[in-house]
Amino acid sequence: MAPQWSLFDAEGNEVKSSDFKGKPLIIHFWATWCPYCKKLQPGLDKLYKKYHDQGLQMIAISLREDEGAKPQDELIARGMSFKTLINGDKVAMEKFSARGTPTTFFINAQGQVVVATRLSDPDDPRLEQVVKSILVN
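These lines cover the structure that appears in this document, whether it is placed above or below. Because the structure is a prediction, the values reported are computed rather than measured.

Calculation criteria
- Residues numbered from 1 in each chain as written.
- Predicted model: local features only at pLDDT ≥ 70, side-chain atom pairs only at ≥ 80, totals over all residues.
- Heavy atoms only, no water.
- Pairing = 2+ DSSP bridges.
- Helix = DSSP H or I, 4+ residues; strand = E, 2+ residues; numbered from the N terminus.
- Axes fitted to C-alpha atoms, helices over the stretch in contact; angles between N-to-C directions.
- Expected span 1.5 Å × (residues − 1).
- Bend = angle between axes of the 7 residues up to and from the residue.
- Buried < 20%, exposed > 50% of the residue type's maximum accessible area, 1.4 Å probe, protein only.
- Contact = heavy atoms within 4.5 Å.
- Left-handed = near helix turned anticlockwise from the far one by under 90°.

Moving on to the sheet that holds strand 5 (residues 83-86). An order of 2-1-5-4-3-6-7 is seen for the seven strands of this open sheet, with the pairing classed as mixed. The two strands at the open ends of the sheet, each matched to only one other strand, are strand 2 (14-16) and strand 7 (113-117). Here the strands of the sheet are splayed against their neighbours by 30° on average, with no regard to which way each runs. Bridge count for strand 3 (residues 25-30) against strand 4 (residues 57-62) is six bridges, and the pairing is parallel. Looking across to strand 4, one finds that H28 is bridged to A60.

Following this line, the structure appears as structure tokens:
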């Protein structure tokens with residue numbers, strides 16, 4: 001089962017794992033300075049937009065940021081439509097054992113981690129395959 005967690009977005013709003021209960025979810029651990037994250041994100045955003053109407057949820061969690069980094073502003077500048085939470089180091093490392101970026105978790109509606117990957121190729125067909133698998137109830 002996916003671990004329980006709680007973090008804040010750039011506006012100070014709390015977001016919890018329980019907010020996504022019963023919904024398929026992608027959790028994308030990333031950093032503004034990570035070139036592989038920047039490469040992967042358009043592919044994740046495309047999948048999020050394509051399957052959002054079928055219930056897919058997505059949240060990014062920023063970690064290991066440089067002083068003064070503005071992760072949500074960076075995603076907006078990149079044209080991404082998903083939201084990011086900030087200061088996710090402890091959640092990434094202690095709850096998910098995610099040591100590097102990008103690390104992306106695909107969680108089904110029952111709360112089970114189906115796949116955890118370090119892929120950075122936005123066109124890798126396995127990304128869409130696993131999204132389709134977590135959409136199945």
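Still more ground to cover, so stick around.
Think of an α-helix as 3.6 residues a turn; residues three or four steps apart then line up on the same face. For helix 1 (residues 35-51), with 17 residues, the first-to-last C-alpha span of 25 Å sits near the 24 Å given by 1.5 Å per residue. When the local axis directions of helix 1 are compared, the greatest deviation, roughly 30°, occurs at Q41, which is followed within four positions by the proline P42. Listing the buried residues of helix 1 in full gives C37, L40, Q41, G43, L44, D45, L47, Y48 and Y51. Check the buried side of helix 1 and you find it contacts strand 3, strand 4, helix 2 (71-77), strand 6 (103-107) and helix 4 (125-135).

Further remarks concern the packing of helix 1 against helix 4. Relative orientation of the contacting elements helix 1 and helix 4 amounts to 35°, with a least axis distance of 11 Å. In this structure, helix 1 meets helix 4 at a crossing whose hand is right-handed. On helix 4, the residues touching L40, L47, K50 and Y51 of helix 1 are L127, E128, V131, K132 and L135.

The next subject is unusual backbone geometry. Among all residues save glycine, negative phi is the norm, and among peptide bonds the norm is trans. For the bond running from T101 to P102, omega is -10°, close enough to zero to count as cis. Here P102 shows up in the loop between helix 3 (89-95) and strand 6. At S97, a residue that is not glycine, the phi angle is positive and equals roughly 55°. Its location among the elements puts S97 in the loop between helix 3 and strand 6.

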